[in-house]
Amino acid sequence: TQWVYSFGAGRNEGRADMRNLLGGKGANLAEMASIGLPVPPGFTITTEVCTWYYQNSESYPADLEDQVKAGLARVEQAVGNKFGDHHKPLLVSVRSGARASMPGMMDTVLNLGLNDATVEGLVAASGDARFAWDSYRRFIQMFGSVVLDVDHHRFEEIIEHIKLDTGKIDDTELTASEWHRVVDGYKEMVREVTGKPFPQDPWDQLWGAIGAVFGSWMNQRAITYRRLNDIPAEWGTAVNVQAMVFGNMGDDCATGVCFTRDPSTGENVFYGEYLVNAQGEDVVAGIRTPQPMSKERAKPGEKPMEEVMPGAYAELVKVRQTLERHYADMQDIEFTVQSNKLYMLQTRNGKRTAAASLKIAVDMAQEGLIDHAEAVKRVNPAALDQLLHPTLDPKAPRKHLSKGLPASPGAASGIVVFSADEAEARAQKGESVILVRIETSPEDIHGMHAAKGILTTRGGMTSHAAVVARGMGRPCVAGCGGVSVDYNNQVLSSGGIQVRGGEILTIDGGTGEVFVGSVAMVEPQLSGDFATLMGWADEVRRLKVRANAETPLDAETARKFGAEGIGLCRTEHMFFDPERIGAVRQMIMAETESGRRVALSRLLPFQRQDFVDLFRIMTGLPVTIRLLDPPLHEFLPHTDYEIAEVAKSLGADVDAMHRRAQELSEANPMLGHRGCRLGISFPEIYEMQARAIFEAACQIGKETHKAPHPEIMIPLVATKRELEITRAQVDRVAQEVFAELDYHVEYSVGTMIELPRAALTADAIAETADFFSFGTNDLTQTTFGLSRDDAGKFLPLYVEKGIFPKDPFVSIDPDGVGALVKIASEKGRRVKSGLKLGICGEHGGDPSSITFCESVGLDYVSCSPYRVPVARLAAAQAAL
Ligand code: PEP
Ligand code: MG
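Counting restarts for each chain: residues are numbered from 1 in the order of the written sequence. To read the labels, note that chains go from A and ligands from 1, taken in the order they are written. Totals for whole chains, interfaces and linings use all residues, but because this is a predicted model, local features are given only for residues with pLDDT of at least 70 and pairs of side-chain atoms are given and counted only at 80 or more.

A. View of the pairing of strand β5 (residues 92–98). In terms of burial, β5 is largely enclosed, as 7 of its 7 residues are buried. Of the strand pairs in this sheet, β5 and strand β6 (residues 108–112) are connected by 3 bridges, and their pairing is antiparallel. Residue pairing across strands places V94 opposite V109, the latter belonging to β6. Strand pairing is assigned whenever DSSP identifies at least 2 bridges connecting the two strands. Put simply, DSSP H or I for four residues or longer makes a helix, DSSP E for two residues or longer makes a strand, and each gets a number counted from the N terminus. As defined by bridge partners, β5 adjoins strand β7 (residues 237–243) across 7 bridges and the pair is classed as antiparallel. Paired with S96 across the two strands is V239, which belongs to β7. Buried residues are those with 20 or more other C-beta atoms within 10 Å of their own C-beta, exposed residues have 12 or fewer, and partly exposed residues lie in between; C-beta atoms are placed from the backbone.

The structure is reproduced here in structure tokens:
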């Protein structure tokens, strides 16, 4: 087996499309080298070795060692230095690189190969003793913490001690001999802590580092990151061993991280940060302030690379273009300049905000780099959600607190918390929280995920907080130096204003502003790039997208977002209004048909007006109205006051009403007297609703000469007989109304398929139904035997333990619930080939469920209004 793949110096055994085997970093290093970009030579140990390692009690395949030796020999030859050589030592970096990028989650060791002898060689070769000893101490520090597990404070203590001793403040002031003293201190400390001398043999060092990278695949923060990002543990990481280049060998050296376009807005500008005379981790660590790339983006006093290193900058601009043309996507790159010569250390598709991903996709299609279909594929439908959420109302009053960097757009308000654990705990209780940290680290990701927004007081646009927040779509203000945070007293302050933990703060990640208290927000803009991309999506999708809506406001929102009709109008939701709930209770509690009819006659005019409004808003589009399906308990009177009210309206005595409430209360309302069961036992209820629908449809038809075509839907049907009975009622009322009003509208009557029995007998049911709509909420509940109302208590645990890959109420379970949908679709269409099929459970707005719906051949999905654009895009991607 080939376990090792070389790259650089004319031998490129890998390619970009080999990321499963080589990890993203390794595959792209090989790709960059093969298109002629300057990549220091090296080799990649494959992800298969990682898998092997974990399957064979953390050991390696027997032939790995020889392949690593051969790989390193090629690097030696290309560079002209030898590993462990006292005069011209080869130094290497050892980095992880998984299939999916997991920024900052796993370990890296730089300057490997240094020891007491080779450091002298580096002094001689570089002519810079200070650089060489600084490199050596960096190596011991990284190797010590990553491989030997020495607490990094122990290293800092030693530097602090020597600074104190020599009266120096900055690391940059230390001389070669002082760094030499640091190295001695480090070695002594490592021996003390680990009980062994610091390894001097470069081969021991190399294997130690390789083992540490494989080991880091299973560290806690990597595990958490994988869980949040759906990355399977079996994928494993690769290890990249590469000749070192140095950005810290003087003022003609530099290192930087940049994006080929602005990852925040998507603007087509070269965007990033670099530091002169620094090594990679200095940029991310935030100790020195990185400088901008281009003059255009530089603020007064800043030193853009374009000015400071014009030669290397010009070359980098060319690389930027080459990479964008080659990958046809925005790239996130790392580079180093050694003695004015540029080296590329990494490229990958850059993480970006939803806004940027939209703009970049549309721009790149317009620039001709990709086609429309590709642009549609580029935007993650779930991320689109971010764009549909509110921003601060420019006219709303606000109390300014401070301003930091606009690290991830969107506005958020919430209570201040100072730790990731608290953020998670309070978010679980349903609170909106703003996580405030001096800076964040990979240990904080669970809290960042739970928070509505993130505020840090330190760090730049590529700091951990900024990168992770953009990836998660959380609004973030980073590097807000005007705010000081006191963790001990749980308070932040700025300019004399204090905000305590638990008080409300608002951040605007688009501008970097921070406000005390909450600020009113406004709806997002849906024009421009958004409309363009949606137009492209609509051209390719087959599935129609409707909305679940019952109020005029929801219906209008749905239309604005592009809904092509209403797929589910839950009529019971129309009765929650205080004006109506009394009449509903009166209806439910009535002990006689005549009592119910009195209540229903109160409800009829409301209900008719509701439908008039809906039909008007949805002119020309289908509207599916589901007859009453109340879990009864939601409508029963509970308090004494409510019971007294109902008693009065029914002219009954209060005791009798208490008894009636007792009688009606159910042990398991979700499986009780709801849906068509109610419509069958109390036919006058569905009669009233059908009448309201037909009267409204006739009224609109007469007014506009464009009669709506109502689709009337019967809920919770388990047998064909139930549908026959309820359908007959509806048909009878239709004839009555048409005769009374001397007008006629087309209508259809269909059913929800939301019980396993209905799915399994769908052929019989289809004989009576004009359409099916899958109610996958109830279908999931009844297929799993999992209460919709109670599952929240233990489902998260099931998902965490991997017993369920995803929450089945969020993303359809393809093997169980999905199988029933498939069976019902096939059986239904066998009886009626043109049977219209839709889905109206929550899954209708979930991208992976939509992919499933496409595969089954449903006609439409229906989801909440805000998810309509998500569904349009997901449907387009499913069709491509
Ligand atoms: C369903 O069960 O999927 C459905 C849409 O109906 P409801 O959520 O109202 O029960
Ligand atoms: Mg249902």
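B. Inspection of the site of ligand 1 at higher detail. Residues are counted as near a molecule or strand when the C-beta atom, derived from backbone positions, lies within 6 Å of that molecule or strand. Close contacts around ligand 1 come from L568, R570, D629, E754, G775, T776, N777, D778, C840 and G841, and that covers them all. At the level of secondary structure, the elements contributing two or more residues to the shell around ligand 1 comprise β27 (566–570) and α30 (776–784). Here the shell around ligand 1 gets 3 residues from one element, more than from any other, and that element is α30. In terms of residue class, the shell around ligand 1 is built from 2 nonpolar, 4 polar and 4 charged. Think of it as three bins: nonpolar holds Ala, Val, Leu, Ile, Met, Phe, Trp, Tyr, Cys and Pro, charged holds Asp, Glu, Lys and Arg, and polar takes everything else, Gly as well.

C. A look at the domain arrangement of the protein. According to the domain assignment, the protein consists of domain 1 (4–243), domain 2 (254–352), domain 3 (389–522) and domain 4 (541–569 + 620–628 + 676–879). In this document the domain limits rely on a domain assignment from an automatic tool or a database. Placing a centre on the C-alpha atoms of domain 3 and another on those of domain 4 gives a separation of 40 Å.

D. Just helix α2 (residues 47–55), in detail. Taken residue by residue, α2 has T47, V49, C50 and Y53 as its buried positions. Looking down the long axis of α2, one finds its buried residues gathered within 150° of arc, a one-sided arrangement. The elements touched by buried residues of α2 are α1 (19–34), β2 (42–45), α3 (64–79), α8 (202–216) and β7. Positive backbone phi, approximately 35°, marks S57, located one or two places after α2. This arc is taken over the directions from the axis of the helix to the C-beta atoms. Here contacts are defined at the residue level, using C-beta atoms placed from the backbone and a cut-off of 7 Å between them.

E. Representation of the sheet that holds strand β29 (residues 710–714). In spatial order, the strands read β26-β27-β28-β29-β30-β31-β32-β33; together these 8 strands close into a barrel with parallel pairing. Put simply, the sheet's adjacent strands are angled 25° from each other on average, direction ignored. On the sheet, helix α27 (residues 720–741) packs against β29 and β30 (748–753) and is oriented at approximately 145° with respect to β29. Axes here mean lines fitted to C-alpha atoms, for a helix over just the part in contact, with angles spanning 0 to 180 degrees between N-to-C directions.

F. View of the UniProt feature "domain: PEP-utilising enzyme C-terminal" (unreviewed entry) in the protein. UniProt positions are given in the numbering used here, feature names are shortened, and annotations may be inferred rather than shown by experiment. Look at the UniProt record and you will see "domain: PEP-utilising enzyme C-terminal" (unreviewed entry) annotated at residues 527–878. Along residues 527–878 one finds 55% helix and 11% strand; the C-alpha atoms at either end are 24 Å apart.

G. Structural context of the packing of helix α33 (residues 847–856) against helix α34 (residues 868–879). Relative orientation of the contacting elements α33 and α34 amounts to 50°, with a least axis distance of 9 Å. Looking at the two axes, α33 sits oblique to α34. Once α33 is placed against α34, the crossing between them reads as right-handed. The residues of α34 that touch α33, namely those facing P847, I850, T851 and E854, are V870, A871, A874, A875, A878 and A879. A per-class count over the contact of α33 with α34 returns 8 nonpolar, 1 polar and 1 charged. The cut-offs work like this: below 35 degrees is roughly parallel, past 145 is roughly antiparallel, 65 to 115 is roughly perpendicular, and the gaps in between are oblique. Crossing handedness: left-handed means the near helix sits turned counterclockwise from the far one by under a right angle, and right-handed means the same turn made clockwise.

H. Looking closely at the sheet that holds strand β12 (residues 341–349). On the basis of which strands lie adjacent, the open sheet formed by 5 strands has the order β10-β9-β8-β11-β12 and antiparallel pairing. The open sheet has two free edges, formed respectively by β10 (291–292) and β12, since each of these has just one partner strand. Pairing analysis gives 8 bridges linking strand β11 (residues 331–338) to β12, with the strands arranged antiparallel. The partner of F335 across the bridge, within β12, is M344.

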